[in-house]
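Spelled out, the chains give:
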Amino acid sequence: MFRRRRSEQIPELNTSSTADISFMLLIFFLVTSSMDTDKGLLRQLPPLPQEEQPPTDVKKEHVMTVTLDAHDQLSCNGTLLSAPQLTQEVMDFVNADPQEHVISIQTDRQTTYEAYYRMQDAIVAAYQRLRASGKDCPMRISEQKPTEGGTP
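Everything quoted here is computed from the prediction, not taken from an experiment. (Residues numbered from 1 in each chain as written. Predicted model: local features only at pLDDT ≥ 70, side-chain atom pairs only at ≥ 80, totals over all residues. Heavy atoms only, no water.)

Visitor: What's the story with the nonpolar core in this structure? I'm lost.
Guide: Grouped burial of nonpolar side chains is what soluble globular proteins tend to show. Membership of the largest hydrophobic core comes to 22 residues, with the highest contact counts inside it found for Val66, Leu86, Val90, Ile103, Met119, Ile123 and Tyr127. In this structure Met119 touches Val66, Leu68, Leu74, Leu86 and Ile105, once residues within four positions along its chain are discounted. (Core = buried A, V, L, I, M, F, W, Y, C linked by side-chain atoms within 4.5 Å. Buried < 20%, exposed > 50% of the residue type's maximum accessible area, 1.4 Å probe, protein only. Contact = heavy atoms within 4.5 Å.)

Visitor: How should the sheet that holds strand β2 (residues 74-76) be read in this particular structure?
Guide: Sheet strands line up and pair through hydrogen bonds in the backbone, either parallel or antiparallel. Here we have five strands laid out as an open sheet, ordered β3-β2-β1-β4-β5, and mixed in their pairing. On the outer flanks of this sheet lie β3 (79-81) and β5 (141-143), each paired with one strand and no other. Between one strand axis and the next, the sheet turns through 30 degrees on average, direction left out of account. Alignment of β2 against β3, held across three bridges, turns out to be antiparallel. Looking at the pairing, Ser75 lines up with Leu80 of β3. Docked against the sheet, helix α3 (residues 113-132) engages β1 (63-68), β2, β4 (102-107) and β5, running at close to 170 degrees with respect to β4. (Pairing = 2+ DSSP bridges. Helix = DSSP H or I, 4+ residues; strand = E, 2+ residues; numbered from the N terminus. Axes fitted to C-alpha atoms, helices over the stretch in contact; angles between N-to-C directions.)

Here it is in structure tokens:
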């Protein structure tokens, strides 16, 4: 009359399809989510020089200084300008001497990226307009290290 006690078995979960489901969810979220792309400046840099080149001397009258301060104010040779005015100034400056000009850019560390992007876009627009009109002028832009707190 002794009854044997059956060992109670706990039912197991079937987890064989868990990996498939998680993989399908991963694919679903990758396909449906939008990935923001950063905007940047399209530039083709010149190739690295094969040997050390000495710095070239440039006359001061062939240099246009474009400054962007901490308050995102754009100035060209000390005169405050807007981005469209900068485009016209660059076009006039490059037209004066298409082969010997240099545009020197000075920025502040507090300058916003949007203001810097607008400035670069204005300069590139000037070169594009000149090239569209048939002028053959190389893009000569020199950027100085950003300064802290205003004047370089």
